[in-house]
Amino acid sequence: MRHGFRLYRHYIAINIRSAMQYKSSFFLTMLGQLLSTVSTLFGVVFMFQRFPVVKGFTLNDVILCCGIVQMQFSLSEMWARGFDSFAQIVRKGEYDRVLLRPRNEILQVFGAKFELSRIGRLIQGILMLAYGIVRIRIRWDFMKILTLFNMIFGGTALFTGLCIVRAGLCFFTLEGLEFMNIFTDGAREHGKYPLNIYGEKFLLFCTVAIPYALVQYYPLIYILGQRDGCGYPFLPLLSLWFLIPSLALFRFGVRHYQSSGS
Amino acid sequence: MIHMENVVKTYKVARRNAGAKAAFRALFRREYELIRALSGISFTIEDGEMVALLGPNGAGKSTTIKILSGILYPDSGRVECNGFVPYKDRMRYTREIGVVFGQRSQLFWDVPVADSFELLRDIYDIPEADFRKNEAELTELLQLQEILRTPARQLSLGQRMRCEIAGSLLHSPKILFLDEPTIGLDAVSKLALRQFVKNLNEEKKTTVILTTHDMQDVEALSKRVIMIGKGKLLLDGTIDDIRKEGESLDESLVEFYEGIDGMTGKEEEQP
C-alpha cells in the first residue's frame, strides 16, 4: 500500500515533467480550458436575466453550485485521465504493458496519465465558487465547511467512477461509447443547476441510480441554509458506493481483454 | 521451465463489407467471425534455452508470446512457466520475466531514459543497490552512457531498442521474451544486439524466446527453432531441418511454408 502510493507519486512526477517539455502547448491548453467553459457561465447569467429566481435558487446560488460541479469534474478529469482516455490506451496496445507489470492494473491506469492542463477548468470552478461564497450571505460553521469539502471529494469520486465504467465497457466494444458522455459531460452541463429543477423523478434517479444528487442538490441546500440536519454534511460520501460496481465492471472487463496488434 | 500443452486461442472479430451502407448496417447488426489463432500448440522449453519462434505473419507467434507472458487467457489447454500459470499468477509471475515488443515502446516518450528506468525501479520494487548495479552493467554492455540523459523521443530506433532491452532487464528476469527485436534496425545495431542477447543467454543463463522474420537472427542466435503456421506447430527442431543445400535460408523457408497446404498467398492478419 505504501509502495503503491510512492509509485503513484512517481507516475505523477513523470507525467508533469513530460507536460513541462511542451510549455507553450501546456499554457495554451490551460488557457483554452479556462475560457471555453466560460460559455457555461454566460448561459446561466442570461437565463437569470429573465427569471430572477428558479425554484428558490438565485443567480448567486447557481453560480456557487456550478463552481462546485466544475471543480468535481475537472479534478476527476485531471487525475483519472487514464480511464477517461482508456479506449486509446487499449487501441494502442498499451494495456498489454500494464498486464506485464507486477502491479495492480487500476493503479497503473491512474498513473498512466495525469492531465495537469485541466487546472484551467479547475481555476474557473474555484473562481465561481469564490464568487458565490462572497456574494451569498452564508453563515459558515465547521459543518458547512466540511460539507463543502465532502461535496468536492465525493463528486470527484463519482465522476471518476463514471470514467471507470466507460473504461470497463472498452473491453467489450471499442466503438460507440459516446453515449457514456451523457453521464459525464452531460452531468456537468445539467449539474450547473440544482437537480430538483428537473423534476421529482429525475431527482430520484440522480439519488439512487447514479448518485449525482448526493454530491450536488442535498448538500447544496444544506449549505444554503434551506434545510438542516446533521446527516447532510456526510451525504456526499455515500456516493463512494458507486465506485464498487464501477471497479467490479472494470475487473470483469479485464477478463475479456483481447489485446491488439502484433 | 516453460510448458504449453494443447493450447487453443480464438479471437472474435467483427466483420463487415466495405462501403458506407455496410458500415451503417454494422451499427445495428454486427457480424462476428471467429478466428482460430492457435489450434492446439504444445511444446516445452527448458531453463537457459534460446528458442526462436518462426512463422509467417498472422501465424500465431505473437499470440503465443502473449499467452506465455500472461497478457491473454487461452481458451483451453495448459500453460505453466516456472511453476506459475501466467494469466492467473500475473502479479508474481511478471517479476520473473522481461518482455520487449520491437514495435512498441515501454519508455516514457518525453522524459530522459534514466527517468523511465527509475520508474521501473519503483514498479518492480528493485532494491536500490541491485538497481544501481544492474543499471551500470547494462549501460556498459549496451553502451547507453551517451543516451541515458536523452528523452526517448529523440533517440534513433537502434538507440531506443537498446534502451528497451536494458529496461526489461533491470529486474534481472529469468525469462526474456523478444518480439521482433531487430525489426527496422541497421546492420551495426543488429549485430550488437545479437551479441548482447547471446552473451546474456550464455553467461546469465537467461531463457530467451524470440520471434523474428530475420533468418540471420535465427542463424546467429538459436539452436532450437519452433515453427508455427495457421495456429499449428509445424516444426520443433533446429535450423538445419529447414536449410537446403545451395539455397538461402529465406528461400528454403518459403519452400517449407509452401510444402504445407495453403500456407502462403492467403495469410490472414490476426489481431
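Residues numbered from 1 in each chain as written. Chains lettered and ligands numbered in written order. Predicted model: local features only at pLDDT ≥ 70, side-chain atom pairs only at ≥ 80, totals over all residues. Heavy atoms only, no water.

**Some remarks on the overall build of chain B**
Stage number 1. Within chain B one finds 9 helices and 9 strands.
Stage number 2. Projected onto its principal axes, the C-alpha coordinates of chain B cover approximately 55 × 55 × 40 Å.
Stage number 3. By the burial criterion, 54% of the 271 residues in chain B qualify as buried.
Stage number 4. Across chain B, every contact between residues at least 6 apart in sequence was considered, and the portion connecting residues at least 24 apart equals 71%.
Stage number 5. For chain B, the accessible surface area stands at approximately 12700 Å², while carbon and sulfur atoms represent 49% of it.
Stage number 6. If the 37 positive side-chain charges of chain B are averaged to one point and the 43 negative ones to another, these points end up 8 Å apart. (Helix = DSSP H or I, 4+ residues; strand = E, 2+ residues; numbered from the N terminus. Buried < 20%, exposed > 50% of the residue type's maximum accessible area, 1.4 Å probe, protein only. Contact = heavy atoms within 4.5 Å. Areas by Shrake-Rupley, 256 points an atom, 1.4 Å probe, with all protein chains shown as cover. Lys, Arg positive; Asp, Glu negative; His and termini not counted. Charge placed at Lys NZ, Arg CZ, Asp CG, Glu CD.)

**Things to note about the sheet that holds strand S4 (residues 76–81) of chain B**
Residue and element names in this part refer to chain B.
Stage number 1. Taken in spatial order, the 3 strands of this open sheet run S2-S1-S4, and their pairing is antiparallel. The sheet is open, and its two edges are formed by strand S2 (31–45) and S4, each paired on a single side. Within this sheet the neighbouring strands show an average axis-to-axis angle of 35°, counted without direction.
Stage number 2. As judged from the 12 bridges shared by strand S1 (residues 2–15) and S2, these two strands associate in the antiparallel manner. Considered in S2, the bridge of Arg15 is made with Glu31.
Stage number 3. Its contacts with the sheet put helix H2 (residues 61–68) on S1, S2 and S4, and the angle it makes with S1 is roughly 120°. (Pairing = 2+ DSSP bridges. Axes fitted to C-alpha atoms, helices over the stretch in contact; angles between N-to-C directions.)

**Side note on the pattern of salt bridges**
Side chains that differ in sign of charge can pair as their charged atoms come close.
Residue and element names in this part refer to chain B.
Stage number 1. A complete count under the given rule lists 35 salt bridges over all chains for this structure.
Stage number 2. Ionic pairing is found between Lys204 and Glu137, a salt bridge with its closest N-O pair at 2.6 Å. Of this pair, Lys204 sits in the loop between helix H7 (187–203) and strand S7 (207–211) while Glu137 sits in helix H5 (residues 128–141), and the two are 67 residues apart along the sequence.
Stage number 3. Exposure remark for Lys204: the relative accessible area of 48% places this residue in the partly exposed category.
Stage number 4. A relative accessible area of 30% places Glu137 in the partly exposed class.
Stage number 5. A salt bridge links Glu164 to Arg160, with the nearest nitrogen and oxygen atoms 3.4 Å apart. Residue Glu164 and its partner Arg160 are both found in helix H6 (residues 157–169); the two are separated by 4 residues, about one turn of the helix. Take Glu164 and Arg160: they sit in the same class, and that class is buried. (Salt bridge = Lys/Arg side-chain N within 4 Å of Asp/Glu carboxyl O.)

**A closer look at a nonpolar patch on the surface**
Residues and elements named next belong to chain A.
Stage number 1. Nonpolar side chains collect at one region of the surface, where Leu28, Leu31 and Leu35 lie side by side and expose about 320 Å² of accessible area between them.
Stage number 2. In this fold, Leu35 is placed in helix H2 (residues 23–36).
Stage number 3. Residue Leu35 is classed as exposed on the basis of its relative accessible area of 54%. (Patch = residues over 30% accessible without salt bridge, like charges linked within 9 Å, V, L, I, M, F, W, Y side chains within 5 Å.)

**Quick look at the sheet that holds S7 of chain B**
All names here are of chain B.
Stage number 1. As summarised here, the arrangement of the 6 strands in space is S5-S6-S7-S3-S8-S9, forming an open sheet in which the pairing is mixed. One side of each edge strand has no neighbouring strand; the edge strands of this open sheet are strand S5 (97–101) and strand S9 (232–238). Ignoring strand direction, the axes of neighbouring strands in this sheet form an average angle of 15°.
Stage number 2. As paired elements, strand S6 (residues 175–179) and S7 share 5 bridges and run parallel to each other. Within S7, the position partnered with Leu176 by the bridge is Val208.
Stage number 3. Packing against the sheet, H7 makes contact with strand S3 (50–54), S6 and S7, and its axis sits at approximately 135° to S3.

**A short note on the interface of chain A and chain B**
Stage number 1. Counting residues at the interface gives 32 residues for chain A, matched by 37 residues for chain B.
Stage number 2. With both sides pooled, the region where chain A packs onto chain B buries about 3300 Å², and carbon together with sulfur makes up 50% of that total.
Stage number 3. Our enumeration of links across chain A and chain B arrives at 6 salt bridges.
Stage number 4. The partner of Asp96 of chain A in a salt bridge is Lys66 of chain B, and the shortest N-O contact between them spans 3.7 Å.
Stage number 5. Elements with a minimum of two residues in the side of chain A that touches chain B: helix H1 (2–20) and helix H7 (94–99) of chain A.
Stage number 6. Considering every element that reaches the side of chain A that touches chain B, the biggest residue donor is H1 of chain A, with 9 residues.
Stage number 7. Here the residues of the side of chain A that touches chain B are counted per class, giving 9 nonpolar, 13 polar and 10 charged. (Buried area = accessible area lost by both parts, 1.4 Å probe. Nonpolar A, V, L, I, M, F, W, Y, C, P; charged D, E, K, R; others polar.)

**As for the environment of Pro236 of chain A**
Stage number 1. Along the polypeptide, Pro236 of chain A turns up in helix H15 (residues 235–238).
Stage number 2. Excluding residues that lie within four positions of it along the chain, Pro236 of chain A makes contacts with Asn150, Met151, Gly154, Leu214, Val215 and Pro219 of chain A.

**Quick word on the packing of aromatic side chains**
Residues and elements named next belong to chain A.
Stage number 1. Per the stated rule, a full pass over the model turns up 22 aromatic pairs over all chains.
Stage number 2. Between Phe86 and Tyr95, the aromatic rings sit 5.4 Å apart at their centres with planes inclined by 75°, giving edge-to-face as the arrangement.
Stage number 3. With a centroid separation of 5.9 Å and an interplanar angle of 10°, the aromatic rings of Tyr222 and Tyr232 are classed as stacked. With Tyr222 in helix H14 (residues 217–223) and Tyr232 in the loop between H14 and H15, this residue pair connects regions lying 10 residues apart in the sequence. In terms of burial, Tyr222 and Tyr232 fall into one category: buried. (Phe/Tyr/Trp six-rings, centres within 6.5 Å; stacked < 30°, edge-to-face > 60°.)

**Some points on the packing of helix H4 (residues 113–124) of chain B against H6 of chain B**
Residues and elements named next belong to chain B.
Stage number 1. Contact geometry for H4 and H6: axes closest at 10 Å, N-to-C directions at 20°. By the criterion of interaxial angle, the relationship of H4 to H6 is roughly parallel. As H4 packs across H6, the resulting crossing turns out to be right-handed. Between H4 and H6, the residues in contact are Val113, Phe117 and Leu120 and Cys163, Ala166 and Gly167, respectively.
Stage number 2. Per-class residue counts for the contact of H4 with H6 are 5 nonpolar, 1 polar and no charged. (Parallel < 35°, antiparallel > 145°, perpendicular 65-115°, else oblique. Left-handed = near helix turned anticlockwise from the far one by under 90°.)

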